[in-house]
Amino acid sequence: MDPTALLLSRLQFAFTISFHIIFPAFTIGLAAWLTVLEAMHLRSGKPVYRTLFEFWLKIFGVAFGMGVVSGVVMAFQFGTNWSVLSKMSGPIQGPLLSYETFTAFMLEASFFGILIFGRTRVPPWFYLFSTAMVALGTTLSAFWIMVNNSWMQVPTGYVMQNGQFVPDDWMQIIFNRVVWVRFPHMLLASYLTGAFCVAATGAWYLLRRTYRAEAHVMLRMGLALAAVLLPVQLFIGHLVGDYVHDYQPAKFAAIEARWHDEQPASEVLIAIPDSSTESNKYAISIPVLGSIIGSMSLSSKEVGLTSFPPQDRPPVAIPFFAFRIMVGCGLLMLALAWLGSWLGLKHRLERNRLLLWGIFLSFPLPWIAILTGWYTAEVGRQPWTVYGVLRTADAVTPFLTAAAATTSLIMFVAVYAFIFSFGTYYIYRLLRAGPAGLGGQVQHAPAMPNRPMSLADRPPPPGGNYAQAGE
């Protein structure tokens, strides 16, 4: 096995998955937001919800298409760069990917067309049902991917036959308790991504003093959802840490940069891990806290990296720093969501331009948190592809050359850069045009300062344009 080809294959997979995950994380949350908007429009009849639905539906369509294209391209490398993994795990991973196709993709493909073309062709209740089915499809897609990845993290329900992982108990594979902490963690991360993107868009419009009625709805709903979900996400994240502690102790030690067994264990807040000396430089630690986090005990013994053979240890620096970046993003989002929601209740948020700028600039935070969370999980799993049973070095295509890996990496980078450049530019154009760019949709005049949502309480005048009505 060419070590250069192995390194390039790992870089290629890291690049493609990092690129691809941006779009499902966004569309899962956005599909749920569209469902809420349509339901609120049917219930209240307020045109602002219809306007926002049509506005975000266009953005959803572009992001959804980019996610599909990047996902299809990404799948090719399993056959080209990771043929041993495909051959050995195919009896398990193949059916799981098929389940995603027959459940998630069928729902999305069947009902997405109704969202685009069926507004005037189906009853309102069925249009809402179609929106919910698209949201369910995106959720099921995330579920099957998390089942697949969780099996690689904690393989269960299989037997080895003729050098392959053959399913022995599908209930163990699908309903593994690891899935049921990792899937909610990813789902909530997607909802938070959508919430902060919506809130950031609302803050942007308020800073520009445009579309105030729509901006207030986006800002209020986005921040409120984030304020509720973030504490839940922190709790689910702790449960994910429990599974890592119990099933992947080497990864847990790497995340903590704990080199030696400790009893009780301290918690390293920040340091520079040094693998050559098996120690941390400039460490800032809190005594006993490591035992509390790891085992909910004041005196538990926590395992260090030196308890594992060097060839079985993951890299330390990437999971150590990535985990702290993820947590830092979560805490910063929590502060913004709680402060923004509180000021919103006091009707002081719009006047606080500094906080509006903070909310607007916060839109990358959930994506950074998702990416660093994945880096923690995937790099921390090394040197295993299927944890404990198949090493990454043994999973790569044995005859793959460095030249071939370089060529495919360059092609992936070029294709993804092309997709990303045009897709993000078009989404930016849609965001900059705002709800007014919908052509024929309801547009609102600036709301009254003392009642910013006043226009949402009234039906539009004939022609759908308040300015033309003399207001």
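The following refers to the structure shown. (Residues numbered from 1 in each chain as written. Predicted model: local features only at pLDDT ≥ 70, side-chain atom pairs only at ≥ 80, totals over all residues. Heavy atoms only, no water.)

Turning our attention to the overall build of the protein. Check the secondary structure of the protein and you find 14 helices and 6 strands. In terms of overall dimensions, the protein is globule-like: its C-alpha atoms have a radius of gyration of 24 Å, near the 23 Å expected for 471 residues. Its C-alpha atoms put the protein at 75 × 50 × 40 Å along the principal axes. Put simply, the protein has 471 residues, and 51% of those count as buried. (Helix = DSSP H or I, 4+ residues; strand = E, 2+ residues; numbered from the N terminus. Rg over C-alpha atoms; globule rule 2.2 N^0.38 Å. Buried < 20%, exposed > 50% of the residue type's maximum accessible area, 1.4 Å probe, protein only.)

This brings us to the nonpolar core. If you look at the biggest cluster of nonpolar residues, it comprises 112 residues, and the most contacted ones within it are Trp56, Ile59, Phe60 and Leu219. When residues of this core are assigned to their parent elements, the largest contribution, 17 residues, is made by helix α6 (residues 179-208). The next biggest cluster of nonpolar side chains, apart from the first, holds 9 residues, and it includes Ala254, Ala257, Trp259 and Ala271. (Core = buried A, V, L, I, M, F, W, Y, C linked by side-chain atoms within 4.5 Å.)

Applying the stated criterion across every chain yields a total of 34 aromatic pairs. Between Trp125 and Phe126, the aromatic rings sit 5.5 Å apart at their centres with planes inclined by 85°, giving edge-to-face as the arrangement. A residue is classified by how much of its surface remains accessible, and Phe126, at 22% relative accessible area, is partly exposed. Aromatic ring contacts, followed pair by pair, group Phe55, Trp56, Trp204, Tyr205, Tyr211, Trp357, Phe360 and Phe363 into a single cluster. Of note, Arg182 hangs over the ring of Trp374, and the distance from its end group to the ring centre comes to 6.0 Å. Over the aromatic face of Trp204 sits the side chain of Arg208, whose NZ or CZ is 4.7 Å from the ring centroid. (Phe/Tyr/Trp six-rings, centres within 6.5 Å; stacked < 30°, edge-to-face > 60°. Lys NZ or Arg CZ within 6 Å of the ring centre and 35° of its normal.)

This part covers the side chain of Glu378. Secondary-structure assignment places Glu378 in helix α12 (residues 365-381). You can call Glu378 buried: its relative accessible area is 19%. Look past the residues within four positions of Glu378 in its chain and what remains in contact with it is Asn149 and Gln153. (Contact = heavy atoms within 4.5 Å.)

The next point concerns the pairing of strand β4 (residues 279-286). Note: strand β3 (residues 267-274) against β4, 6 bridges, orientation antiparallel. Bridge pairing in β4 links Glu267 to Ile286. Linking two consecutive strands that pair antiparallel, namely β3 and β4, is a turn of 4 residues; a positive phi of about 50° is found at Glu278 within it. (Pairing = 2+ DSSP bridges.)

Applying the stated rule across the entire model yields 11 salt bridges. Two residues, Arg50 and Glu54, come together in a salt bridge whose shortest N-O distance is 3.1 Å. One end of the pair is Arg50 and the other is Glu54, both in helix α2 (residues 47-80) and 4 residues apart, which spans about a single turn. You can call Arg50 partly exposed: its relative accessible area is 24%. Taking the relative accessible area as the measure of exposure, Glu54 reaches 13% and is therefore buried. (Salt bridge = Lys/Arg side-chain N within 4 Å of Asp/Glu carboxyl O.)

This part covers unusual backbone geometry. Trans is the prevailing form of peptide bonds, just as negative phi is the prevailing case for residues other than glycine. Pro264 follows Gln263 through a cis peptide bond whose omega is -10°. Within the secondary structure, Pro264 is located in the loop between α8 (249-256) and β3. The omega torsion across Gln382 and Pro383 is 10°, close enough to zero to call that bond cis. In this fold, Pro383 is placed in the loop between α12 and β5 (384-386). The backbone phi angle of Ala257 is positive, close to 50°, even though this residue is not glycine. Mapped onto the fold, Ala257 is located in the loop between α8 and β3. Assessed through its relative accessible area of 2%, Ala257 is described here as buried. Here the phi dihedral of Tyr282 falls at roughly 55°; this positive angle occurs in a residue that is not glycine. Among the secondary structure elements, Tyr282 is positioned in strand β4.

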